[in-house]
Amino acid sequence: MNIVYLCADRGIPVLGDKGASVHVREFTTALARAGHEVTLLCATQGKGNPYPPARLIELPPDADPTEIRSEGERLGIGQGEYDQTMRREVDKLICDRRLAVRALDALDAAGVRPDALYERYALFHRSGGDLASALRVPYVLEVNAPLVYEQERFRGLRLKAMAEEAEVTAFQRADHIVAVSEAVREHVLSRQVPVNHVTVLPNGVDISRFHPQVDGQGIRTRLGLDGRPVIGFVGSLKPWHGLDFLLDAFMLVSRQSPEAVLLVVGEGPGSAALQSRAMENGFAGKVIMTGRVPHEDIPGYLAAMDLTVAPYLPQNGFYFSPLKVVESLAVGRPVVAPRIGQLPSLIEDGVTGLLFPPGDLAACVGCILTMLNGPSQRRAMGYRAGEAAEGILGWGRTARQVTDIIAALRSGPI
């Protein structure tokens, strides 16, 4: 099939390091490996990682300040209400209004005649339905989070009612919705979407690159980790990752396992605070922070770890489908994580990792020490984690399920 993949979220650079960027590239690659031709329309191309095997067309935001001001006046927004957040939201509304026409022009110029539109849902965007209607193709919408809630809680949201209106419109116009977790599915259903229009497909992993045979010795040697127990974390250090909880746990672990090292791979808004806390508590030499690492190098870093921790904090409606958890399992590294959301379905407690009650610091420390003090058990868990990942967590499986959905839509009325 010829599939157009639309990623209108300007905060997701397709070639970047974010988990969302990885998701877009890996899923595109899986579709291409299955023999499908993919055209990737994105708001931000970005840089830092190899291109996915797709025709990539960038449609960057194009509203100028005069248009944004005029649109604000039309919406009745007073001059005193204009700040960076408001300007950004009005800018998104303008871009969405003309995105379908721009996309059609770009596809026509490239000679693309798609069989389906697959979109990653973006805040304030509803134009995917217009684009699919104009192309007369099935429209599958991927939803990764309750974006209105997430934006309001972690970044600030001024035009909440308009964001919700766009979300409801996009959800209800989609022929089918792919939700990455049960919690996201529940959120989609709360927008009056029929139950049979939603399928849960968790994030996957590229098992051709993430597998138990990856060698992490070179990284261990380079970072001076030879002979030391390495507890790992890989991620973009976001507020919801629980980094303070992780450092608290590590400092307690260190009392009983003084040779242990915490290896933090990645960078993000929590980097400076974590590094500062580690130094203030005298752990600068035991907490190694690599900063930004290209995604193609992540398998080696995971292989350099003895175990990884996903230190999410307790929260209602935990909706994440953590990429780094499945990547760790695929490399054969057991995971310590809270028993929350999708995590118990990814990690088999006592078999491929250890689970603890959310927010229970002592239990988390106990799980980490159990693994550090039981190398045979830890290696056995890692072996089984690699086996499990190969069987159920590959992106190829996700791509087949999505194209099966598209094929079913193409065989019926749209």
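Rules used throughout
- Residues numbered from 1 in each chain as written.
- Predicted model: local features only at pLDDT ≥ 70, side-chain atom pairs only at ≥ 80, totals over all residues.
- Heavy atoms only, no water.
- Axes fitted to C-alpha atoms, helices over the stretch in contact; angles between N-to-C directions.
- Helix = DSSP H or I, 4+ residues; strand = E, 2+ residues; numbered from the N terminus.
- Parallel < 35°, antiparallel > 145°, perpendicular 65-115°, else oblique.
- Left-handed = near helix turned anticlockwise from the far one by under 90°.
- Contact = heavy atoms within 4.5 Å.
- Nonpolar A, V, L, I, M, F, W, Y, C, P; charged D, E, K, R; others polar.
- Pairing = 2+ DSSP bridges.
- UniProt positions renumbered as here; feature names shortened; annotations may be inferred.
- Buried < 20%, exposed > 50% of the residue type's maximum accessible area, 1.4 Å probe, protein only.
- Arc of directions from axis to C-beta.
- Salt bridge = Lys/Arg side-chain N within 4 Å of Asp/Glu carboxyl O.
- Core = buried A, V, L, I, M, F, W, Y, C linked by side-chain atoms within 4.5 Å.
- Domains from an automatic or database assignment.
- Right-handed = clockwise from strand over helix to strand, strands pointing away.
- Expected span 1.5 Å × (residues − 1).

- An unreviewed UniProt entry annotates the protein chain as Glycosyltransferase family 1 protein of Acidithiobacillus ferrooxidans.

Considerations on the packing of helix H5 (residues 147–154) against helix H6 (residues 160–173)
- Where H5 contacts H6, the two axes come as close as 10 Å, and the packing angle between them is 155°. Between H5 and H6, the angle is such that the two are roughly antiparallel. The element H5 and its partner H6 pack so that their crossing is right-handed. Two secondary-structure elements touch here, H5 through Leu147, Val148 and Glu152 and H6 through Lys160, Ala163, Glu164 and Glu167.
- Counted by class, the contact of H5 with H6 contains three nonpolar, no polar and four charged residues.

Remarks on the sheet that holds strand E12 (residues 335–338)
- Read across the sheet, six strands follow the order E10-E9-E8-E11-E12-E13 without closing on themselves; strand pairing throughout is parallel. Both outer strands of the open sheet, strand E10 (287–289) and strand E13 (353–356), are each paired with one neighbouring strand and no more. Taking the axes of each pair of neighbouring strands and ignoring which way they run, one obtains an average angle of 25° across the sheet.
- Note: strand E9 (residues 261–265) against E10, three bridges, orientation parallel. By the bridge assignment, Leu263 is partnered in E10 with Ile288.

Details of the UniProt feature "domain: Glycosyltransferase subfamily 4-like N-terminal" (unreviewed entry) in the protein chain
- UniProt records the feature "domain: Glycosyltransferase subfamily 4-like N-terminal" (unreviewed entry) at residues 19–209, using the numbering of this structure.
- Taken end to end, residues 19–209 has its terminal C-alpha atoms 16 Å apart, with 48% of it in helix and 14% in strand.

Side note on helix H2 (residues 65–74)
- Listed in full, the buried residues belonging to H2 are Ile68, Glu71 and Gly72. Considered in projection along H2, the buried side chains sweep an arc of 100° and stay on one side of the axis. Counted as exposed and oriented over 90 degrees from the buried face of H2: Thr66, Glu73 and Arg74.
- Where H2 is buried, its residues meet helix H3 (84–110).

A few points about the pattern of salt bridges
- If you walk through the whole model with that rule in mind, you get 28 salt bridges.
- Note that Glu26 is salt-bridged to Arg209, the shortest N-O span being 3.1 Å. With a gap of 183 residues between them, Glu26 in helix H1 (residues 19–33) and Arg209 in the loop between strand E7 (198–200) and helix H8 (217–222) connect regions that are remote in the sequence.
- Residues Glu167 and Arg191 are paired through a salt bridge, measuring 2.9 Å at the closest nitrogen-oxygen approach.

Examining the nonpolar core
- Residues Leu41, Leu141, Ile177 and Ile347 are the most contacted members of the largest nonpolar core, which totals 87 residues.
- Inspection of this core shows a minimum of three residues originating in each of domain 1 (1–203 + 393–409) and domain 2 (214–391).
- What Leu141 contacts, discounting residues up to four positions off in sequence, is Glu119, Tyr121, Ala170, Phe171, Ala174, His176, Ile177 and Val178.
- Residues Leu274, Phe283, Leu307 and Cys364 belong to the second largest nonpolar core, which totals 31 residues.

Overview of the packing of helix H9 (residues 243–256) against helix H10 (residues 271–280)
- Look at H9 against H10: their axes get within 10 Å of each other, and the N-to-C directions meet at 25°. It follows that H9 is roughly parallel to H10 by the angle criterion. Both H9 and H10 take part in a crossing whose hand is right-handed. On H10, the residues that touch Leu243, Asp244, Leu247, Asp248 and Met251 of H9 are Leu274, Arg277 and Ala278.
- Taken together, the residues that form the contact of H9 with H10 break down as five nonpolar, no polar and three charged.

Considerations on the pairing of strand E4 (residues 116–120)
- For E4, the buried fraction is high: five of the five residues fall into the buried class.
- Direction of pairing for strand E1 (residues 2–7) relative to E4: parallel, over a ladder of five bridges. Across the sheet, residue Tyr5 finds its bridge partner in E4, namely Tyr118.
- The β-α-β motif built from E4, the intervening helix H4 (residues 127–135) and the parallel element strand E5 (residues 139–143) has right-handed crossover chirality.

A few points about H1
- When the terminal C-alpha atoms of H1 are compared, their 21 Å separation across 15 residues agrees well with the 21 Å that a helix rising 1.5 Å per residue should span.
- Residues of H1 that are buried include every one of Ala20, Ser21, Val22, His23, Val24, Arg25, Glu26, Phe27, Thr28, Thr29, Ala30 and Leu31, and no others.
- Considering only its buried residues, H1 is in contact with E1, strand E2 (37–42), E4, E5, helix H12 (323–330) and helix H16 (395–411).
- One or two positions beyond H1, positive phi appears at Gly35, with a value near 95°.

Let's talk about the sheet that holds E2
- Spatially, seven strands are ordered E3-E2-E1-E4-E5-E6-E7 in an open sheet, and the strand pairing comes out parallel. A single partner strand is all that each edge strand has here, and the edge strands are strand E3 (55–58) and E7. Within this sheet the neighbouring strands show an average axis-to-axis angle of 20°, counted without direction.
- Contacts between H6 and the sheet are confined to E5 and strand E6 (176–179), with E5 contributing the most and set at about 130° to the helix.

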